[in-house]
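Below, each chain spelled out in residue letters.
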Amino acid sequence: MKKSEFDKLIDPEKFQVFILSSKVSFPFHFGIHTWIVISEKGKLHRWEVWRTKNNCKTSWGHVHKNMFKSYLWTKDWFFKKYFFKRKSRERFLWKVIEGGEGSNAERIIKFINKNASKYPLIHEYGFFFGPNSNTFTQWILDSSSETKVKLPFWAFGRNYKV
């Protein structure tokens, strides 16, 4: 997804939760990495779990806020960059949850802002089966009884018990 495409989705009058995904690097390219972008009436923040700890000023263990730009995938790994010469990865907008004051989207954003830094598995990371980015994303989605969204089976780690 290009920045211009992503920017068109932002509604400064609404609370929005974007679930984005991208294929994982070789040799695990059949799986996906997910992250969440929240828009608090146009103010954007990206939340995700990453394989390394404390990568930016707004990191808590493996949980990172704004480590990468909202609309971008992550940096290419060695195999993709040097062997496959692929400039960027496909990014997919998986789900959008949006609404005004008092909406499910606002409740999810409040949950993220209050609890993401206290994620129970903040110091654990398991690349394939979890806990990983998909465990964190599903934990966020499960925080609201109104959100009946389940990540797909190729989001390995989504069923890891939190």
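Residues numbered from 1 in each chain as written. Predicted model: local features only at pLDDT ≥ 70, side-chain atom pairs only at ≥ 80, totals over all residues. Heavy atoms only, no water.

Of note, the bond from G130 into P131 is cis; its omega dihedral lies within 30 degrees of zero at 0°. One can find P131 in the loop between α3 (104-115) and α4 (133-142). (Helix = DSSP H or I, 4+ residues; strand = E, 2+ residues; numbered from the N terminus.)

Bringing the nonpolar core into the picture now. Counting 25 residues, the largest nonpolar core has V17, V63, I112 and F136 as its most contacted members. Going through the elements one at a time, β1 (15-23), β2 (32-40), β3 (43-49), α3 and α4 are the ones with two or more residues in this core. Core analysis: the next-biggest nonpolar cluster, separate from the first, contains 6 residues, I10, L20, W35 and V37 among them. (Core = buried A, V, L, I, M, F, W, Y, C linked by side-chain atoms within 4.5 Å. Buried < 20%, exposed > 50% of the residue type's maximum accessible area, 1.4 Å probe, protein only.)

Next up on the list: the pattern of salt bridges. In this structure the tally under the stated criterion is 6 salt bridges. For E48, the salt bridge identified is with R46, shortest N-O distance 2.7 Å. One salt-bridge network, held together by shared partners, links D11, K14 and E98. (Salt bridge = Lys/Arg side-chain N within 4 Å of Asp/Glu carboxyl O.)

What follows concerns the pairing of β1. With 8 of its 9 residues buried, β1 lies for the most part within the structure. Across 9 bridges, β1 lies against β2 in antiparallel orientation. Bridging across to β2, Q16 finds its partner in S39. (Pairing = 2+ DSSP bridges.)

Let us now look at a nonpolar patch on the surface. Together, W94, F153 and W154 line one region of the surface with nonpolar side chains, adding up to about 320 Å² of accessible area. Its location among the elements puts W154 in the segment after α4. The partly exposed category is assigned to W154, whose relative accessible area is 32%. (Patch = residues over 30% accessible without salt bridge, like charges linked within 9 Å, V, L, I, M, F, W, Y side chains within 5 Å. Areas by Shrake-Rupley, 256 points an atom, 1.4 Å probe, with all protein chains shown as cover.)

This structure, assessed with the given rule, holds 11 aromatic pairs. Arranged with centres 5.0 Å apart and planes meeting at 85°, the rings of Y119 and F136 form a pair that is edge-to-face. One end of the pair, Y119, is in the loop between α3 and α4; the other, F136, is in helix α4, with 17 residues separating them in the sequence. The class for F136 is buried, based on a relative accessible area of 0%. Residues F128 and F129 carry aromatic rings whose centres are separated by 4.5 Å and whose planes lie at 85° to one another, so their mutual orientation is edge-to-face. For F128, a relative accessible area of 24% puts it in the partly exposed group. Residue classification places F129 among the exposed residues on the basis of a relative accessible area of 61%. An aromatic cluster is defined as three or more aromatic residues linked by ring pairs; in this entry it consists of F111, Y119, F136 and W139. (Phe/Tyr/Trp six-rings, centres within 6.5 Å; stacked < 30°, edge-to-face > 60°.)

Moving on, we get to α4. Summarising burial for α4: 9 of the 10 residues are buried, a large majority. Where α4 is concerned, the buried positions are S133, N134, T135, F136, T137, Q138, W139, I140 and L141.

This part covers the side chain of H64. Note that H64 resides in strand β5 (residues 63-65). Residue classification places H64 among the buried residues on the basis of a relative accessible area of 0%. A polar side-chain atom of H64 sits 2.5 Å from a polar atom in the side chain of S59. A polar contact of 3.3 Å, which involves the side chain of H64, links it to the backbone oxygen of H62. Excluding its chain neighbours within four sequence positions, the residues that come into contact with H64 are R46, W47, E48, W50, T52, K53, N54, N55, T58 and S59. (Polar contact = N/O pair within 3.5 Å; in protein donor to acceptor, adjacent residues only side chain to side chain. Contact = heavy atoms within 4.5 Å.)

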